[in-house]
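Here's the letter readout for the chains.
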Amino acid sequence: MRTSFLSFHVPEIGEQDIAAVADALRSGWVTAGPRVKEFEAQFARFTGAAHAVAVNSGTAALHLALEAAGIKAGDEVLVPTMTFAATAEVVIQLGARPVLVDCVPDTLNVDPAALERAVTPRTKAIIPVHFAGHPCDMDAILELAAAKKLTVVEDAAHALPARWRGKMVGTIGDLTCFSFYATKTITTGEGGMITTEDAAWADRMRMMSLHGISKDAWKRYTAEGSWRYEIIAPGYKYNMTDIAAALGLSQLVRCDDFLRARIRCRKLYDQGFAGCCAIQTPISQDDVEHAWHLYVIRLDLEQLRIDRDQVIELLKQRNIGVAVHFIPLHLHPYYRDNYGYTPADFPNANAAFERIISLPIYPRLSDAEVGEVVDAVVGITREYRR
Ligand SMILES: Cc1ncc(COP(=O)(O)O)c(C=O)c1O
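All figures in this text were calculated on a predicted structure; none of them were measured in a lab. (Residues numbered from 1 in each chain as written. Predicted model: local features only at pLDDT ≥ 70, side-chain atom pairs only at ≥ 80, totals over all residues. Heavy atoms only, no water.)

### As for the overall build of the protein
A tally of helices and strands in the protein yields 13 helices and 13 strands. Across its three principal directions, the C-alpha atoms of the protein cover 70 × 55 × 35 Å. Pairs at least 24 residues apart make up 72% of the contacts formed inside the protein by residues separated by at least 6 positions. Roughly 16300 Å² of accessible area belongs to the protein as shown, and the carbon and sulfur atoms make up 52% of that amount. Across the protein, the centroid of the 40 positively charged side chains sits 2 Å from that of the 47 negatively charged ones. (Helix = DSSP H or I, 4+ residues; strand = E, 2+ residues; numbered from the N terminus. Contact = heavy atoms within 4.5 Å. Areas by Shrake-Rupley, 256 points an atom, 1.4 Å probe, with all protein chains shown as cover. Lys, Arg positive; Asp, Glu negative; His and termini not counted. Charge placed at Lys NZ, Arg CZ, Asp CG, Glu CD.)

What follows is the structure in structure tokens.
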């Protein structure tokens, strides 16, 4: 058994990241400035998107994308129940209603048929979440969006880099939102990015990320800038800092290396769990390139004498850190009490929730550590077999 605790996640911070951040600090420009511009340009190049707008979180990215798409009071937005708080809260902050939708049983991505059933005359947008880094069925979602005139705002917090039928996530829907939170596939500490093909939306989001004040407000303290500014709309304080962008630039160049390292972990897990029938491993469909942000196993509870929570507790006792993605939104008091959702409305998400465990998957995880996780999980399922 491990003698020290194995963290669920450790960000991949190297000396080059530390040097990049130190350079930013020494430059005398710490808030949004030239490094943010450069990170936006490099991110657009990496994803193949026409425009990229850097912000200070994935949540801010979602909020600005929906605002740019014109979501307002009285509108409905389709949101998967299998997601994090951020995806739905921004809808509510704009005065609109998040309509929760069940997932499909295999990838746990939003169910296109359930999306279609949830559309009403008030529906204005869909937020597909690429769960764990596996792209959603974008053909079905784009077809529905075109038929019903809905804006597609992708929540790609898990999906850098990922492809759907050869197309890079970030170039598929109308607007795509990424997160650079500490646990994500690249990190800026806190941060986010929105990509879009639409120049007017990019301009709007850039302006709204800095108080809704006129274009290039960040330049007002430079020689080329002007002290004079105009407030065009009541915006937000969502701009990224140059310190964060320096880290982002340094991380982005290793994004593909990080993915290869996560794929190595995935393969080792798949091999390790191959003979263990109480564990269902995550799938990757043939027509996608999965980002492997998360490796989510499912327990076959019928074969076990203990439940998922007890398995997690036993893993903790064996010094293995794990997580659960996600507690579906409809099970949280706010959504249950304010919108009247019940577990019966979301049979697939409910069934999955009781069985899922996210295992550590990150570049720094050694083959031996993956082996320790496998041994602990398999050992527990053998010991508590029915
Ligand atoms: C699916 C999903 N969407 C949005 C977010 C929000 O991103 P951030 O923490 O950068 O605000 C997260 C996680 O943090 C997430 O997992």
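### Overview of the packing of helix 9 (residues 255–273) against helix 13 (residues 367–383)
Here helix 9 crosses helix 13 at 35°, and the two axes come no closer than 10 Å. Helix 13 is crossed by helix 9, and the crossing has right-handed handedness. For the pair formed by helix 9 and helix 13, the contact residues are R264, C265, L268, Y269, G272 and F273 on the first element and D367, V370, V373, V374, V377 and V378 on the second. Tallied by class, residues from the contact of helix 9 with helix 13 come to nine nonpolar, one polar and two charged. (Axes fitted to C-alpha atoms, helices over the stretch in contact; angles between N-to-C directions. Left-handed = near helix turned anticlockwise from the far one by under 90°. Nonpolar A, V, L, I, M, F, W, Y, C, P; charged D, E, K, R; others polar.)

### Things to note about the site of the ligand
Near the ligand you find 16 residues, and of these G58, T59, D155, S179 and K184 are the closest. Contacts to the ligand include D155, whose side-chain N or O atom sits 2.6 Å from a nitrogen atom. S179 is positioned such that a nitrogen or oxygen atom in its side chain is 2.7 Å from an oxygen atom of the ligand. Burial of the ligand by the surrounding chains reaches 92%, relative to a free accessible area of 380 Å². Of the residues contributing to the shell around the ligand, the split by class is six nonpolar, eight polar and two charged. (Near = heavy atom within 4 Å. Polar contact = N/O pair within 3.5 Å; in protein donor to acceptor, adjacent residues only side chain to side chain.)

### What to know about the nonpolar core
If you look at the biggest cluster of nonpolar residues, it comprises 94 residues, and the most contacted ones within it are F39, F43, F180 and I194. Considering each element in turn, this core owes the most residues, seven residues, to helix 3 (residues 58–68). Each of domain 1 (15–252) and domain 2 (255–383) contributes no fewer than three residues to this core. Setting aside chain neighbours within four positions, we find F180 in contact with F39, F43, L160, I186, T187, T188, G189, E190, G191, G192, M193 and M240. (Core = buried A, V, L, I, M, F, W, Y, C linked by side-chain atoms within 4.5 Å. Buried < 20%, exposed > 50% of the residue type's maximum accessible area, 1.4 Å probe, protein only. Domains from an automatic or database assignment.)

### Some thoughts on the packing of aromatic side chains
Summed over the entire model, instances satisfying the criterion amount to 15 aromatic pairs. Ring geometry for F39 against F180: centres 5.4 Å apart, planes inclined by 50°, an arrangement best described as tilted. Taken together, the positions of F39 in helix 2 (residues 34–47) and F180 in the loop between strand 8 (175–179) and strand 9 (192–196) put the pair 141 residues apart, joining distant regions of the chain. Given the relative accessible area of 0%, F39 is considered buried. A ring pair is formed by Y335 and Y339, whose centres lie 5.8 Å apart and whose planes are at 15°; its orientation type is stacked. (Phe/Tyr/Trp six-rings, centres within 6.5 Å; stacked < 30°, edge-to-face > 60°.)

### Quick word on the side chain of T123
Summarising the element assignment, T123 is placed in strand 4 (residues 123–126). Of note is the side chain of T123, whose polar atom sits 2.7 Å from the backbone nitrogen of T120. Apart from the residues lying within four places of it in its own chain, the contact partners of T123 are E76, L78, A118 and L150.

### Remarks on the environment of S209
Along the chain, the position of S209 falls in the loop between helix 7 (199–208) and helix 8 (242–252). With relative accessibility at 4%, the residue S209 sits in the buried group. Between the alpha carbons of S209 and A233 there is a distance of 11 Å; along the sequence they are 24 residues apart. Setting aside anything within four residues of it in sequence, one finds S209 in contact with V55, L64, Y236, K237, Y238 and N239.

### A short note on the pairing of strand 3 (residues 97–101)
Of all five residues in strand 3, four are buried, a share of seventy percent or more. Where strand 2 (residues 76–80) lies against strand 3, five bridges are found, and the strand directions are parallel. Each bridged residue has a counterpart across the sheet, and for P80 the counterpart in strand 3 is V101. In this view, the connection linking strand 2 to its parallel neighbour strand 3 by way of helix 4 (residues 85–93) has right-handed handedness. (Pairing = 2+ DSSP bridges. Right-handed = clockwise from strand over helix to strand, strands pointing away.)

### Observations concerning the state of the cysteines
Two cysteines form a disulfide when their sulfur atoms are joined by a covalent bond. Applying the stated rule across the entire model yields zero disulfides. C265 provides the cysteine sulfur closest to C255, a residue in no disulfide bond, and the two sulfurs are 15 Å apart. Given the relative accessible area of 1%, C255 is considered buried. (Disulfide = S-S within 2.5 Å.)

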